[in-house]
Amino acid sequence: MDVPDYGTVLDALLAIREGVDETLTLRCSCRSHICGSCVMKINHRSALACKTKLQAAQERAGSGHPIVVQPAGNMPVIKDLVVDLEGLWSKVRAVDPYLQPTGPVPEREYIVSNEAMLNVREATACILCGACMSECTVLEVDDRFLGPAPLAKAWRFTEDPRDGADRARLEALSQPGGVWDCTHCFQCVEVCPKDVRPMDRILELRRRAMAEGFTDNNGSRHSQAFVDSIGSTGWLDETRVAMRSTAGLRELRGWVGVGWRSFVRGKVPLRHRPIPGAMHVRAIFQRAAANDPPRQVRRREQ
Amino acid sequence: MAEDYDVLVVGAGLAGMRAALAAQQAGCTVAIVSKVYPVRSHSNAAQGGINAALDEADSWESHAYDTVKGSDYLGDQDAIELLAREAPAAIIELEHMGVVFSRDEQGRLGSRNFGGASHARTYFVGDFTGQALLHVLYEQLVRSGIMTFSEHFVTRLVHDDDGRVSGALGLDMRSGERRMWTAKAVILATGGMGRVYEPSTNALICTGDGMAIAYRAGAPLMDMEMVQFHPTTLKSNGALISESARGEGAYLLNRDGERFMQTTAPHAMELASRDVVSRAEQIEINEGRGVDGCVLLDVRHLGAAKIMERLPQIRALALEFAGADMITDPVPIRPGMHYEMGGIKTDVHGATPLPGLFAAGECACVSVHGANRLGANSLLETVVFGRRAGEAAAAYATERGPVRRSPSLLDDESRLLNLLLARPDGIRPAALRQEMGQTMTVDVGVFRQAETLRAAQAALVEMRERFARVSVGDKGRVFNQALVSVLELDFMLDLALAVVAGALAREESRGAHTRVDFPRRDDAHWMRHTLAFHTPGGPRMETMPVAVTRWQPTERVY
Amino acid sequence: MKTAFYPGCVAKGGAPELYRSVRLVSEPLGITPVELMDAACTGAGVLTERNPLLADAINARTFAMAERSGLPIMTICSTCTGTMLECNLRLQDPAYRGRVNELLAPEGLEYRGTTEIRHLLWILVEEIGLERLGALVRRPLQGLRVAPFYGCYIVRPSNRVSADHPDRDHYLEAVIACLGATAVEYEGARKCCGFPITTMNRTNALRMTGKHVAEAKDQGADVMVTPCPLCHLELDGQQSEASGVLGRPLGLPVLHLPQLLGLALGFSAEQLGLRSHLVHVGDLVGK
């Protein structure tokens, strides 16, 4: 095929479709990574075909090896490179993805700082292409997880000073399938073609949800136990953290087997000794807490 | 399968979604049909911003005047007045819906300069304003619960016995199933027809489906010869470098490093209107002062920080497709087909001459852009006239009695599609499409003349004949894109002929339409719109006068 | 080479065999690990999630200690490595570092931003070199089919982890080959083990664990190796539960990277603590 050196994987696929096999089926439209149609796996990694240079894809595949193109992951295949995106759309719908202002509607625009808008803007760059959904390690095992893009969308509203529904949003996002189901694996950050960093948004949502008091979940308990352990002894008391992270005795029962087998093999330390400088660590905790900058950009300036 | 609605909207870009929301708000049952998911629509690609006279030092009259002047006096001034008057409220509404517009130090909406504007009245979200707006409208669509048929392709309009439009026929792309939607009013909002040209800045979906459907149903296409060539497109793949680059202060340089706009537009320089800048560039290139068929766009003097904050997507595009980092290098650019000012003729309510049929956005011609559209007026047009069309269609639907279904039409359309699928192996549609696109670019480009236009017309007529032997390379039902692309090519050939007919008819130079053989604007004869009516033998041309309210045509100086 | 050795919590807690085997292999490898006895936990991302400034300060404290000794930090945990890299990157901004240093000042510490963080795996390939490593092998692991499991933090985000070393996501395969064994290719090598959500959504964690182990087994792996003790806690510690969730027997032994090294360098299973794993480790070197 004759594809120019600036050519993309999309150019190559279109050349194939137009010149070799007209049945080759793939979604594509803008050719300039703004419409989000052409997400697929290229050399086993989710990407926009229009943003992937053919040369780079060839380098990654290794010379002499074909560039491998597959439909996006975690979604049922309809035909060739076209997958069923209904999961993505339904999860976007599930986060109430629209501004919910409270209070009187101003005659003119809401007065908010440019910094606040720039902050939100980073996530509004999301084009809902689904690359993150395709690569998400949690969605691979559980399609009830909301997933990176919908959660980044939710973040965008909780950060928007014009939105008045953050508490309700954060409460909903603290439920199973929400922010605490993310494994922190960076796959979404890695493949996002728009640098939205969905995982970072999810982690911020966790922080905000805890700050708003939505802590009756294992995620919050784990986070608190973890932080407490470092704060008091300088390092991690795994056993205590594990025990404090669970919801109660019933859940703890599920851990008895592992606990016992680990104990037998000498893997459960009997004593957790603080590090020598634990008091210094504690002091840093206190000073950092006092120094934690208030959320400057969030609140609407009255 | 068949569905009944008060209002059916075809197209889910900004105009379509805004229209649907307006119609629903007016109490109608509404459905949207789109050949892609709403957020994939080409409204995404508008980078620079959206115009409105919001600033106290600005006025809607000034915005309207700039638009009239930009249109080279071909825009209908009653429509332009409405556009400019309703712009501020439209921006505020978008802001209230959640658009993250850039702000000034006081936290108010911040604006930037744009071509052809006498005031900094372009409101923006970085350099992805269109995407930001499209996604916010989509959010509103989700909230509204409006029925959305994504990845459904509309093939034709349905008429009542009395000639009123009463729905549409189409195809569920995913299942291959034929569908019919019955509606008391239909709004076409299918966007542009950029793929008639090759290359074009337009997305691959911009095949003018709505224009062609309306044209075949009897609605006239207006001013189709007015095709905008954007001054800054990349040579490699035709990708667009937004006008916001020039809005932020970019220079255009020729081979000798001269800012050649000095000769053409000594005041506005790079920010003269698009037709003026594109012509100046083409002259530099034609007269040997270009660089490899291009001129240079230079933003280096803005500094890395400003480039990164204001033009991040543009820099990424140039890096990717031109191998040039705008922070350190100038980028080679040239004029490229970008926008169709013409379209389905509508009044200021979006109503076409066909009862029951409305249109809004790029597929329509109100006309607010006349012979040349100003940057950042297109997004504005979509929301202002999208809303107006939605309201008007809702009012029409409310007054109209129940619409009779005609299930036999669905069978007829099915038969036609099956015949198309059953054609024996013949010409590949892609080859014919390329040929059409290149003919249009070469012969119906920035500079035009009778001789080459006639040659293009003859070539297109011949291609029309050859189209009868085009075959569909995929015989399956599920996601048959080959079938869709043949249907699109069919539409585009009609539109290409309409563009050439308009270009031949208009024997003057105005705005984007430059006739080498008629180099002057001819106000005495051509303060008129061209109208193309579909006939089996090709377009039949008529003209009608431009609406002038307060600005008499004068010489255009930037 | 001399390094400021940062063992991390798990090596000092639930995986003493890891600590022991690092100590064992250091000598033949020519690494002198000077342990940072007073270093705190990196926070493993959990601390960053709660309060980035706090996480940066706690890690800057460790970096400052290493900086004082003039040694690069050697880690033996993917998660510690990634967390430290992230904090260290933010700490390159002098103004921000100044703010962090104010928090350290009462302890008499100051971080100047010069400490380097290197995982043992990176030291093996980038400092010692595969050629030298190969020469040190006493007992080539001929015929042993090893499934590498990286741990997220040591491969992602790639612009942070491997900007200057684009092959870091293939080091394990290279090391495995260098020790005479065969690296097994399978889908999950660079995915998440499930550990981070083991207390939040145990079923999902176990599904991940089970999936990766099963894939590796299906590709004929005799053993899995990981440079991350948190992954080890999951892949080894939870494997029998994962097998239950998956509904198929698994039983794939999982070694810490230094244990696999140790075997090739001639140490015995007892010395390396191979018997302390929850999944029984059979006779690997006899293969």
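What counts, and at which threshold
Residues numbered from 1 in each chain as written. Chains lettered and ligands numbered in written order. Predicted model: local features only at pLDDT ≥ 70, side-chain atom pairs only at ≥ 80, totals over all residues. Heavy atoms only, no water. Axes fitted to C-alpha atoms, helices over the stretch in contact; angles between N-to-C directions. Helix = DSSP H or I, 4+ residues; strand = E, 2+ residues; numbered from the N terminus. Parallel < 35°, antiparallel > 145°, perpendicular 65-115°, else oblique. Left-handed = near helix turned anticlockwise from the far one by under 90°. Contact = heavy atoms within 4.5 Å. Nonpolar A, V, L, I, M, F, W, Y, C, P; charged D, E, K, R; others polar. Buried area = accessible area lost by both parts, 1.4 Å probe. Salt bridge = Lys/Arg side-chain N within 4 Å of Asp/Glu carboxyl O. Polar contact = N/O pair within 3.5 Å; in protein donor to acceptor, adjacent residues only side chain to side chain. Pairing = 2+ DSSP bridges. Buried < 20%, exposed > 50% of the residue type's maximum accessible area, 1.4 Å probe, protein only.

Asker: Can you walk me through the packing of helix H4 (residues 114-124) of chain A against helix H6 (residues 148-158) of chain A in this structure?
Answerer: A pair of packed helices is characterised by two quantities: the angle between their axes and the separation of those axes. All names here are of chain A. In contact at an axis separation of 9 Å, H4 and H6 are set at 165° when each is read in the N-to-C sense. Judged on the interaxial angle alone, H6 and H4 are roughly antiparallel. Both H4 and H6 take part in a crossing whose hand is left-handed. Residue-level contacts link Asn 119, Val 120, Ala 123 and Thr 124 of H4 to Ala 152, Trp 155 and Arg 156 of H6. Looking at side-chain class alone, the contact of H4 with H6 contains four nonpolar, two polar and one charged residues.

Asker: Please explain the interface of chain A and chain C as it appears in this structure.
Answerer: When the parts of a complex come together, some accessible area is lost, and that lost area is often taken as the interface size. In this complex, chain A contributes 55 residues to the contact, which on the side of chain C involves 64 residues. Summing the contributions of chain A and of chain C, the shared interface buries around 5300 Å²; its carbon and sulfur component is 60%. Counting across the chain A and chain C interface gives five salt bridges. Across the salt bridge formed by C:Glu49 and A:Arg206, the nearest N and O atoms sit 3.0 Å from each other. Inspection of the region where chain A meets chain C yields 23 residue pairs in polar contact (both at pLDDT 80 or more). When residues of the side of chain A that touches chain C are traced back to their parent elements, those giving at least two are helix H8 (187-191), helix H9 (198-211), helix H10 (218-233), helix H11 (238-245), helix H13 (256-264) and helix H14 (278-291) of chain A. No other element matches H10(A), which puts eight residues into the side of chain A that touches chain C. The residue makeup of the side of chain A that touches chain C, split by class, is 24 nonpolar, 17 polar and 14 charged.

Asker: Before we go on, may I ask you to explain the sheet that holds strand S12 (residues 251-253) of chain B in this structure?
Answerer: Strand pairing in a sheet takes place through backbone hydrogen bonds and is either antiparallel or parallel in direction. All names here are of chain B. Reading across the sheet, the four strands line up as S11-S14-S13-S12 and stay open at both edges, with antiparallel pairing between neighbours. The open sheet is flanked by strand S11 (227-234) and S12, the only strands paired with a single partner. Strand-to-strand twist in this sheet, taken as the mean axis angle between neighbours without regard to direction, amounts to 45°. Bridge count for strand S13 (residues 295-298) against strand S14 (residues 331-340) is three bridges, and the pairing is antiparallel. Bridge pairing links Leu 296 to Pro 332 in S14.

Asker: It is not clear to me how the pattern of salt bridges should be interpreted in this structure. Could you clarify?
Answerer: If charged atoms from side chains of opposite charge come close, those side chains can pair. Per the stated rule, a full pass over the model turns up 92 salt bridges over all chains. Across the salt bridge formed by A:Arg208 and A:Asp166, the nearest N and O atoms sit 3.4 Å from each other. Taken as a pair, A:Arg208 in helix H9 and A:Asp166 in helix H7 (residues 166-173) lie far apart in primary sequence, 42 residues in all. Since its relative accessible area comes to 6%, A:Asp166 is described here as buried. Residue B:Asp494 pairs with B:Arg216 through a salt bridge whose shortest N-O separation is 2.8 Å. Within this pair, whereas B:Asp494 is found in helix H15 (residues 481-505), its partner B:Arg216 is found in helix H5 (residues 209-217), the two being separated by 278 residues in sequence. Given the relative accessible area of 32%, B:Arg216 is considered partly exposed. The network of salt bridges with common partners includes B:Asp72, B:Asp223, B:Glu225, B:Asp275, B:Arg279, B:Arg506, B:Glu508, B:Arg510, B:Arg521, B:Asp523 and B:Arg556.

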